[in-house]
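A structural walkthrough
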Amino acid sequence: MERTLVLLKPDALQRAIAMQILERFERRGLRFIGLKLVAASREQASQHYAEHEGKFFFDGLVAHLQSGPVVAVVLEGPEAISVVRAMVGATRPHEAAAGTIRGDLALAGLRNLVHASDSPETAAREIAHWFDADEVLDYDRQLDRWVYESD
């Protein structure tokens, strides 16, 4: 099982489509193991996007993440990182394929609704950045035997 972080950015909440986006992940079979509403501080937003510091778009990313509430989510499932990235679509909404979250729901620039971890290392770092260890839960879900293959 793999874990990944997803952030529903302020534009998802302001447009009242956060639950619609979360539902897509749940319907796909991913398990929610961490979920909370956060008001990101400048420091928290800057640390989240630290790899982009110094780039022309860094300040805009940070400001956007601070512009309203964020839903932070930890999802778990087989190949969760690549599954979520495929579901989210290309970073630039106008390049995102129809059927993806961004392709169906986003239109322009920074208003791309969602952030998703891009590797196991990034996911581990980002999960630890947004969640305390006791906020990420392990539990059995009976329907998993109908969604996941047995080893």
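These numbers come from a predicted model, not from an experiment.

What counts as what
- Residues numbered from 1 in each chain as written.
- Predicted model: local features only at pLDDT ≥ 70, side-chain atom pairs only at ≥ 80, totals over all residues.
- Heavy atoms only, no water.
- Buried < 20%, exposed > 50% of the residue type's maximum accessible area, 1.4 Å probe, protein only.
- Helix = DSSP H or I, 4+ residues; strand = E, 2+ residues; numbered from the N terminus.
- Arc of directions from axis to C-beta.
- Contact = heavy atoms within 4.5 Å.
- Phe/Tyr/Trp six-rings, centres within 6.5 Å; stacked < 30°, edge-to-face > 60°.
- Lys NZ or Arg CZ within 6 Å of the ring centre and 35° of its normal.
- Polar contact = N/O pair within 3.5 Å; in protein donor to acceptor, adjacent residues only side chain to side chain.
- Pairing = 2+ DSSP bridges.
- Axes fitted to C-alpha atoms, helices over the stretch in contact; angles between N-to-C directions.

1. Description of helix α4 (residues 58-66)
Those residues of α4 that fall on the buried side of the exposure criterion are Phe58, Leu61, Val62, His64 and Leu65. Down the axis of α4, the sector holding all buried residues measures 165 degrees, keeping them to one side. In this structure, the buried side of α4 is in contact with β1 (2-8), α1 (10-14), α3 (42-48), β3 (70-77) and α7 (120-130).

2. Considerations on helix α5 (residues 80-88)
If you check which residues of α5 are buried, you get Ala80, Ile81, Val83, Val84, Met87 and Val88. In an axial view of α5, the angular spread of the buried residues amounts to 165 degrees, which keeps them on one side of the axis. At the C-terminal side of α5, glycine 89 shows a positive phi close to 95 degrees.

3. Some thoughts on the packing of aromatic side chains
Going through the model one piece at a time under the given rule, you end up with one aromatic pair. Ring geometry for phenylalanine 56 versus phenylalanine 57: centroids 5.2 Å apart, planes at 90 degrees, classification edge-to-face. On the basis of relative accessibility, which here comes to 79%, the residue phenylalanine 56 falls in the exposed class. Residue class for phenylalanine 57 comes out partly exposed when judged on its relative accessible area of 27%. Over the face of the ring belonging to phenylalanine 131 we find lysine 36, whose NZ or CZ atom lies 4.9 Å from the ring centre.

4. A short note on unusual backbone geometry
Located in the positive-phi region is alanine 16, a residue other than glycine, with phi close to 60 degrees. Along the chain, alanine 16 falls in the loop between α1 and α2 (18-28). Positive phi, close to 70 degrees, is recorded for leucine 113, a residue that is not glycine. Take leucine 113: it is sitting in the loop between α6 (101-105) and β4 (114-116).

5. Describing the environment of arginine 3
Along the chain, arginine 3 turns up in strand β1. Distance in space between the C-alpha atoms of arginine 3 and leucine 30 is 9.6 Å, their sequence separation being 27 residues. The contact partners of arginine 3, leaving out residues within four places of it in the chain, are Ile33, Val74, Leu75, Glu76, Ile81, Ala123, Ile127, Val136 and Asp138. Within the local environment of arginine 3, its side chain forms a polar contact with the side chain of glutamate 76, the two groups lying 3.1 Å apart. Engagement of the side chain of arginine 3 in a polar contact is seen with the side chain of aspartate 138, the distance being 2.5 Å.

6. What about the sheet that holds β4?
Reading across the sheet, the four strands line up as β2-β3-β1-β4 and stay open at both edges, with antiparallel pairing between neighbours. Looking at which strands have only one partner, the edges of the open sheet turn out to be β2 (31-38) and β4. Each neighbouring strand pair of the sheet contributes to a mean axis angle of 15 degrees, computed without reference to strand direction. Two strands pair when backbone bridges link them, and β2 and β3 are joined in this way by seven bridges, in the antiparallel orientation. Directly across from arginine 31, in β3, lies its bridge partner glutamate 76.

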